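Fold and contact review
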Amino acid sequence: MHIGFLGLGNMGAPMARNLLKAGHALTVFDLSATAVSGLVEAGATAAASPAALAKTDVALIITMLPAAAHVKGVYLGEDGLLANVQPGVLLIDSSTIDPMSAREVAKAAVARGNPMLDAPVSGGTGGAAAGTLTFMVGGEAADFDHAQPILAAMGKNIVHCGGAGNGQVAKVANNMLLGISMIGVAEAMALGVALGMDASVLAGVINTSSGRCWSSDSYNPFPEVMDNVPAARGYSGGFGTDLMLKDLGLATEAAKQARQPVLLGATAQQLYQSFSQQGHGGLDFSAIIKLYRQEG
Ligand code: NAD
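As named in an unreviewed UniProt entry, the protein chain is 3-hydroxyisobutyrate dehydrogenase, taken from Pseudomonas cavernae. If you open the UniProt record of the protein chain and go to Catalytic activity (unreviewed entry), you find "3-hydroxy-2-methylpropanoate + NAD(+) = 2-methyl-3-oxopropanoate + NADH + H(+)". The UniProt entry for the protein chain carries this comment under Pathway (unreviewed entry): "Amino-acid degradation; L-valine degradation."

With that out of the way, let us pick up the overall build of the protein chain. Each helix and strand counted, the protein chain has twelve helices and nine strands in total. Taken along its principal axes, the extent of the C-alpha atoms in the protein chain is 65 × 45 × 35 Å. Split into buried and exposed, the 296 residues of the protein chain put 50% on the buried side. Residue pairs at least 24 apart in sequence account for 63% of intrachain contacts in the protein chain once pairs closer than 6 positions are excluded. As displayed, the protein chain has an accessible area near 13,100 Å², and 55% of this comes from carbon and sulfur atoms. Computing the positive centroid from 16 side-chain charges and the negative centroid from 22, the protein chain places the two 2 Å apart.

What follows concerns the environment of alanine 266. Within the secondary structure layout, alanine 266 lies in helix α12 (residues 263–280). Between the alpha carbons of alanine 266 and arginine 103 there is a distance of 23 Å; along the sequence they are 163 residues apart.

For asparagine 220, the position within the fold is in the loop between α10 (214–217) and α11 (241–258). The class of asparagine 220 is buried, set by a relative accessible area of 0%. In this structure the side chain of asparagine 220 is engaged in a polar contact, spanning 3.1 Å, whose partner is the backbone oxygen of serine 216. Leaving out residues up to four positions away in the same chain, asparagine 220 has contacts with Val185, Met189, Ala203, Ser215, Val225, Met226, Val229 and Ala231.

Over the atoms rolls a probe the size of a water molecule, and its path tells where empty space is left. Per the stated rule, a full pass over the model turns up one cavity of 30 Å³ or more. What the largest cavity holds in volume is close to 60 Å³. Looking at the largest cavity, the residues that line it are Val71, Asp93, Ile97, Ala102, Val105, Ala106, Met116, Leu117, Asp118 and Gln168. Contributions of two or more residues to the lining of the largest cavity are made by α5 (99–111) and β6 (116–118). Residues that form the lining of the largest cavity fall into these classes: seven nonpolar, one polar and two charged.

Below, the discussion takes up the layout of surface pockets. By volume, the largest pocket amounts to about 1,300 Å³. Looking at the largest pocket, it is lined by 45 residues, and the ones nearest its centre are Met11, Met64, Gly124, Phe239 and Leu243. Taken together, the elements giving at least two residues each to the lining of the largest pocket come down to α4 (68–76), β7 (121–122), α6 (124–130), α8 (166–194), α10 and α11. Counting residues per element, the lining of the largest pocket draws most heavily on α8, at six residues. Tallied by class, the residues present in the lining of the largest pocket amount to 20 nonpolar, 21 polar and four charged. When residues of the lining of the largest pocket are sorted by domain, at least three fall in each of domain 1 (2–164) and domain 2 (169–292). The volume enclosed by the second largest pocket comes to roughly 220 Å³. In terms of lining residues, the second largest pocket is bounded by 13 residues, among which Val169, Val172, Ala251, Ala254 and Ala255 are the most central. Listing elements by their share of the lining of the second largest pocket, those giving two or more residues are α5, α8 and α11. Taken together, the residues of the lining of the second largest pocket break down into eleven nonpolar, one polar and one charged. Here the lining of the second largest pocket spans two domains, and each of domain 1 (2–164) and domain 2 (169–292) adds at least three residues to it.

By the definition in use, this model includes three salt bridges. With its nearest N and O atoms 3.5 Å apart, the salt bridge here joins arginine 212 to aspartate 217. A relative accessible area of 47% places arginine 212 in the partly exposed class. Across the salt bridge formed by lysine 256 and glutamate 253, the nearest N and O atoms sit 3.6 Å from each other. Pair noted here: lysine 256 and glutamate 253 are both in helix α11, with a separation of three residues, about one helical turn. Taking the relative accessible area as the measure of exposure, glutamate 253 reaches 33% and is therefore partly exposed.

Definitions and limits used
- Residues numbered from 1 in each chain as written.
- Predicted model: local features only at pLDDT ≥ 70, side-chain atom pairs only at ≥ 80, totals over all residues.
- Heavy atoms only, no water.
- UniProt positions renumbered as here; feature names shortened; annotations may be inferred.
- Helix = DSSP H or I, 4+ residues; strand = E, 2+ residues; numbered from the N terminus.
- Buried < 20%, exposed > 50% of the residue type's maximum accessible area, 1.4 Å probe, protein only.
- Contact = heavy atoms within 4.5 Å.
- Areas by Shrake-Rupley, 256 points an atom, 1.4 Å probe, with all protein chains shown as cover.
- Lys, Arg positive; Asp, Glu negative; His and termini not counted.
- Charge placed at Lys NZ, Arg CZ, Asp CG, Glu CD.
- Polar contact = N/O pair within 3.5 Å; in protein donor to acceptor, adjacent residues only side chain to side chain.
- 1 Å grid on protein atoms, 1.4 Å probe; cavity = no way out; pocket = protein on both sides within 12 Å on 5 of 7 lines; lining within 4 Å.
- Points joined across faces, edges and corners; volume = space filled by probe spheres on them.
- Nonpolar A, V, L, I, M, F, W, Y, C, P; charged D, E, K, R; others polar.
- Domains from an automatic or database assignment.
- Salt bridge = Lys/Arg side-chain N within 4 Å of Asp/Glu carboxyl O.

The structure is reproduced here in structure tokens:
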């Protein structure tokens, strides 16, 4: 299939490469010439603008952009996708944005005769490179069925979450819980150690008891409890504090619009904001344990 791909950053570039590997023809666009030339070397064709990409004979377009403002610009702008794409071409936005913006763009797309799915991902840059991302997809069931084999070239769990925007709903709810649970594990581990317990023994008890969760048994924030996690390498790599802060901001903003209380989500957002202000935005999000330990 001939696919258009816009946004060739840390996530988009490896996702686009997996589409090429699966035998699809790709036309790509990014504001960064370096990002485009990397994909052209791998076999893609470059387009000069979103409008130029939309005017080719692509059957489907995928976008992977930083935030809602970029998504709205690329889809709704004068030189953007909707003003130039053929009716019927399926549009898939995999950026992480707020559900209301996703619904606004999908409504505008459908009004112009283009079906649209929101399909944010989890799995990070490692999952993008390995083709093992989870896609949380919002939109019509028939459009989901159409997109499924394409998304399967980039991911291994592809879940239909309901109507437009619901992929983003699943993503913000999950990542809000992840932010909260990481802080909870950090707090409990720091308390146990401050009271005299060995960190590894404590982690072992938690991980076979009712406090167990992914943040404790697969991504423990306490140094030297686990190998192969950011806490074992000075909190480098992994999922950055500023990316977690972005997702908690989306969750609290969406909650505000729904008048839904998110008491712990808002507290987690403030703790990550404070941690980022202290200059730790580039560290993995499990480094939040430093708020509780001087030597952490
Ligand atoms: P990135 O900043 O590395 O890449 C974004 C790309 O979009 C850049 O190459 C940039 O030049 C391009 N871009 C920006 N505006 C553009 C425009 N108007 N037209 C064309 N290209 C434009 O970001 P990323 O890490 O690839 O993340 C992309 C999305 O995926 C974000 O919404 C992020 O929240 C989400 N996400 C990231 C991760 C991760 O671990 N990095 C994990 C899950 C989800």
